[in-house]
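Residue strings, one per chain:
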Amino acid sequence: MSAPDFFYEMADPVAGVRPPYALLNDWLEKQKPKTLRTKQREAETIFRRLGITFAVYGDVDANERLIPFDIIPRILSAGEWRRISRGLEQRVRALNAFLYDIYHRQEIVRAGRIPADICIDNSAYAPEMIGLTPAGRIYAHIVGVDIVRVDADDFYVLEDNTRTPSGVSYMLENRETMMRTFPELFARHRVAPVDQYPSLLHATLESVAPEGAQGRPTIVVLTPGVHNSAYFEHSFLADEMGVELVEGLDLFVKDGGVYMRTTQGPERVDVIYRRIDDAFLDPLVFRPDSLLGVPGLMDAYRAGAVTIVNAPGTGIADDKAIYMYVPEMIRFYLGQEPILKNVPTYNCAAADDLAYTLDHLSELVVKEVHGSGGYGMMVGPSATAEQRKAFVAKLRADPSNYIAQPTLALSACPTFVESGIAPRHVDLRPFVLIGDRIRLAPGGLTRVALEEGSLIVNSSQGGGTKDTWILEE
Amino acid sequence: MLGRTADDLYWLSRYVERAENMARLVEAGYRIAMMPRNSEEHREEWRSTLASAGCAICFERKYDDYSTENVVNFMLLDTDNPSSVNSCLSTARNKARAVRTTMTKEMWESLNATWIELSGVKPKSVTPNLLPGFLEWVKQRSQLFRGALIGTILRNDTFFFSQLGAFIERADNTARILDVKYYVLLPEREIVGGGIDAYQWATILRSVSAHRSYRWVYHEGYKPWRIAEFLILAKEMPRSLCFCYGMIDAALKGLAETYGAKPPCHATARATRALFDHNDMDNVFQGGLHEFLTNFLARNNQLSEEISSDFHFHD
């Protein structure tokens, strides 16, 4: 058997089982496939009963679907996690410094470190935010950073999600389900807990309340409603924090303040953790046809009467064309070298990069600049000739809409599939909270591509999730 | 609490209660349908069952034939009938989904699991052999939810709005059952009443699960005016109008304590409750049983509307 051309996190072909997986590997070897199959079904029943479902857009039959859950945990050592978390803190500090700068003096552009056109002319740049300073100068309070691993030492950031990253409820429910299904595994390992995440989130939201808030700030979670694909998560987080889950119609603006409609009449709101996009926040400022938002919200926000989390306009920081400059931001604002690597990126808006991309299509991943969720992308090595041809046409027609990156050999983790236990490719999305200080629950959401050889981990494209264990020392 | 949340809690509780009542009505109706009688009599029984359920008109729009199969399917599974068990439990579950944050995990899981199981139920699951099991299941699921509510929820506005929904629905249901059959419950019927009437009385008691408890309270055979008394005035009977209004009163008191205010619906509830306090059946019969029930149903409905506006369900 030839050595696989990817890093297998459980075992090295030469050195054998890697230390973090030693106990798990022993345990797995003793399990009968039938037992595991039963446990897998038990876990699925738990998810279905809890109603942990998501909706797939464009799929009318699957209004509520389960994300496949894999029962074999992914394990990282304390040392590995330490490095990742330091890298994450560095990155989110730089992203917030960039957001403040780009809506104020734009020093980084003046210094010639980032070209003006990709910032200011970018459709993700929100002119409404110019000159506005949110509480604590924080824009992106909750950031989900997608990280992939290629070998024992190298972690790459694939993208930063600075708008309304989702998935944290799966991180928490995956752990709950694992603890219910495999108590004996937790007895053998020292797994760092993650269930403090809702309190960390609550503390973060409280810490960014407007200065004038009376008493303990009133926090709400703003959802587009039950039909949104992440509705489960919205209600889960509101419930865990003990705050109201509101829709746009439950809120209104009066005399400069934001209020919610309660059974006892209006109640003042101080912090809105919104899970709706910028465009829908306030029909008076953004999309006039939006029924999801709150008319006048942006005026109240500008006047400092309410904090919106994440701030409007943060999309500029996770734009795929901006992504390639994040290492430069870390150097410029923090004077440090980046701890986590960036994937080399070809910006197809540039003629040279476009030419390179067209020449090397079969080696590259091509993504839409504003795309997300695995939609509108092409993975060169696995694409058919026809798909490639279609992308050549798209690239020529609108080159600035695309970037390209080399295909990384994503690491793989043991996964329970039809044929038994086999390696499947994974990524990792830790959730970083930024308020009066940076808070981080150990681990994150591991997404796994369930098809053999597939590199696409998105749930909308057939990916699943796993529990992620950070071992304590 | 958001006004919208209170609205959803109130209605989801009503729908769970309604699902259970529908199951009971079908159960009672089905027993009568097994009696050896002519088809016209069967037709009349099912018609009155549908009238008790408040869905006779809706049924007639869809069917010409009061066959047992049609009625059972319509009352249990038909999604065109907003009060079918299927519709009630789906609506309850969807409302619960919208207000999950105010529910305990046990409450949510009981409703969600019910809904998941219900989606596997097809008309062939309620054929005569399987019907009793299905009806039992519906009642148990509703009781499981109620148990989860009583056992796990904080005694704050969440609980009080749920209670209001449940008992306003229950009172409505009991009053309807009585009203559809009021003519067999009048005092003079005792003389003319034969075997069939006795069966009718038992059916009324069965539709509120009270054919045994009646005997524990009255220690004698069914007397029509006693049945009416039992379902209207008995304080110890958990589905009587009097009992329901005791619970409604307690829930409104709870809200007044939580919120420190007594909006106008309190006065309406008090006035309706006065219909039962210090009243007796002679008095009720004198004014006319049907008139009494019609008046009650209108007041109960009015209370529901006032609760909705006093607690800002829609503004």
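Residues numbered from 1 in each chain as written. Chains lettered and ligands numbered in written order. Predicted model: local features only at pLDDT ≥ 70, side-chain atom pairs only at ≥ 80, totals over all residues.

(A) Representation of the overall build of chain B within the structure. Scanning chain B for helices and strands turns up 16 helices and 0 strands. Expected size for 315 residues packed as a compact globule is a radius of gyration near 20 Å; at 19 Å, chain B falls within 12% of this value. Residue burial in chain B is summarised as follows: out of 315 residues, 46% are buried. Across chain B, the fraction of contacts at a sequence separation of at least 24, relative to all contacts at a separation of at least 6, is 72%. (Helix = DSSP H or I, 4+ residues; strand = E, 2+ residues; numbered from the N terminus. Rg over C-alpha atoms; globule rule 2.2 N^0.38 Å. Buried ≥ 20, exposed ≤ 12 C-beta atoms within 10 Å, placed from the backbone. Contact = placed C-beta atoms within 7 Å.)

(B) Structural context of the confidence of the model for chain B. Looking at chain B as a whole, its pLDDT mean stands at 89, while 97% of the residues score no less than 70. Under the prediction, the complex receives an ipTM of 0.73, its pTM being 0.83. (pLDDT = per-residue confidence, 0-100.)

(C) Up close: the pairing of strand β6 (residues 219-222) of chain A. Residue and element names in this part refer to chain A. Of the two faces of β6, the one lined by I219 and V221 and the one lined by V220 and L222 are each fully buried. In this structure, β6 lies alongside strand β11 (residues 271-274), joined through 4 bridges in parallel fashion. Opposite V220, over in β11, you have I272 as the bridge partner. Pairing geometry for β6 and strand β7 (residues 244-246), over 3 bridges, is parallel. Within the sheet, the bridge partner assigned to V221 lies in β7 and is L245. Regarding topology, helix α9 (residues 231-241) serves as the crossover connection from β6 to the parallel β7, and that connection is right-handed. (Pairing = 2+ DSSP bridges. Right-handed = clockwise from strand over helix to strand, strands pointing away.)

(D) Expanded view of the domain arrangement of chain A. Residue and element names in this part refer to chain A. Here chain A is described as being made up of domain 1 (11-210 + 306-340 + 408-470), domain 2 (211-305) and domain 3 (344-406). With centres defined by C-alpha atoms, the gap from domain 1 to domain 3 works out at 24 Å. Every contact between the two is made by 11 residues of domain 1 and, on the other side, 9 residues of domain 3. Classifying every residue of the side of domain 1 that touches domain 3 gives 6 nonpolar, 3 polar and 2 charged. (Domains from an automatic or database assignment. Nonpolar A, V, L, I, M, F, W, Y, C, P; charged D, E, K, R; others polar.)

(E) Spotlight on the domain arrangement of chain B. All names here are of chain B. On domain assignment, one finds that chain B holds domain 1 (1-153) and domain 2 (155-315). One C-alpha centre belongs to domain 1, the other to domain 2, and the line joining them spans 20 Å. Each side of the interface is counted separately: domain 1 has 26 residues, and domain 2 has 28 residues. Those elements that place two or more of their residues in the side of domain 1 that touches domain 2 are α1 (3-33) and α2 (39-52). Per-element tally for the side of domain 1 that touches domain 2: the top contributor is α1, with 17 residues.

(F) Spotlight on the packing of helix α8 (residues 157-180) of chain B against helix α13 (residues 241-259) of chain B. Residues and elements named next belong to chain B. Between α8 and α13, the shortest axis-to-axis distance is 9 Å and the interhelical angle comes to 160°. With respect to each other, α8 and α13 are oriented roughly antiparallel. The interaxial crossing formed by α8 with α13 has left-handed handedness. Across the interface between the two elements, D157, F160, Q163, L164, F167, I168, R170, A171, T174 and A175 from α8 touch L241, C244, Y245, M247, I248, A251, G254, L255 and T258 from α13. (Axes fitted to C-alpha atoms, helices over the stretch in contact; angles between N-to-C directions. Parallel < 35°, antiparallel > 145°, perpendicular 65-115°, else oblique. Left-handed = near helix turned anticlockwise from the far one by under 90°.)

(G) Spatial organisation of the interface of chain A and chain B. Taken residue by residue, the interface counts 18 residues in chain A and 19 residues in chain B. When its residues are assigned to classes, the side of chain A that touches chain B shows 6 nonpolar, 6 polar and 6 charged.

(H) Broad picture of helix α3 (residues 78-102) of chain A. Taking 1.5 Å as the rise per residue, α3(A) with 25 residues should run 36 Å; its terminal C-alpha atoms sit 36 Å apart, in good agreement. All of the buried residues along α3(A) are A:W81, A:I84, A:G87, A:L88, A:R91, A:V92, A:A94, A:L95, A:N96, A:F98, A:L99 and A:I102. (Expected span 1.5 Å × (residues − 1).)

(I) The arrangement of the sheet that holds strand β9 (residues 257-262) of chain A in detail. Residue and element names in this part refer to chain A. The strand order β8-β9-β10 describes an open sheet built from 3 strands, whose pairing is antiparallel. Each of the sheet's edge strands pairs with one partner strand only, and the pair in question is β8 (251-254) and β10 (265-269). Within this sheet the neighbouring strands show an average axis-to-axis angle of 45°, counted without direction. Alignment of β9 against β10, held across 5 bridges, turns out to be antiparallel. Residue pairing for β10: V258 is matched across the bridge by V269.

(J) Spotlight on the pairing of strand β3 (residues 69-76) of chain A. Residue and element names in this part refer to chain A. Buried residues dominate β3, accounting for 8 of its 8 residues. Pairing between β3 and strand β23 (residues 463-470): 5 bridges, direction parallel. Opposite F69, over in β23, you have T465 as the bridge partner.

(K) The arrangement of the packing of helix α14 (residues 265-273) of chain B against helix α16 (residues 289-310) of chain B in detail. Residue and element names in this part refer to chain B. Put simply, α14 and α16 touch, their axes get as near as 9 Å, and they point 160° apart. As judged from the angle between their axes, α14 and α16 are roughly antiparallel. Taken as a pair, α14 and α16 cross one another with a handedness that is left-handed. From α14, C265, T268, A269 and T272 reach across to α16, where they touch R299, N300, Q302, L303, E306, I307 and D310. A class-by-class count of the residues in the contact of α14 with α16 yields 4 nonpolar, 4 polar and 3 charged.

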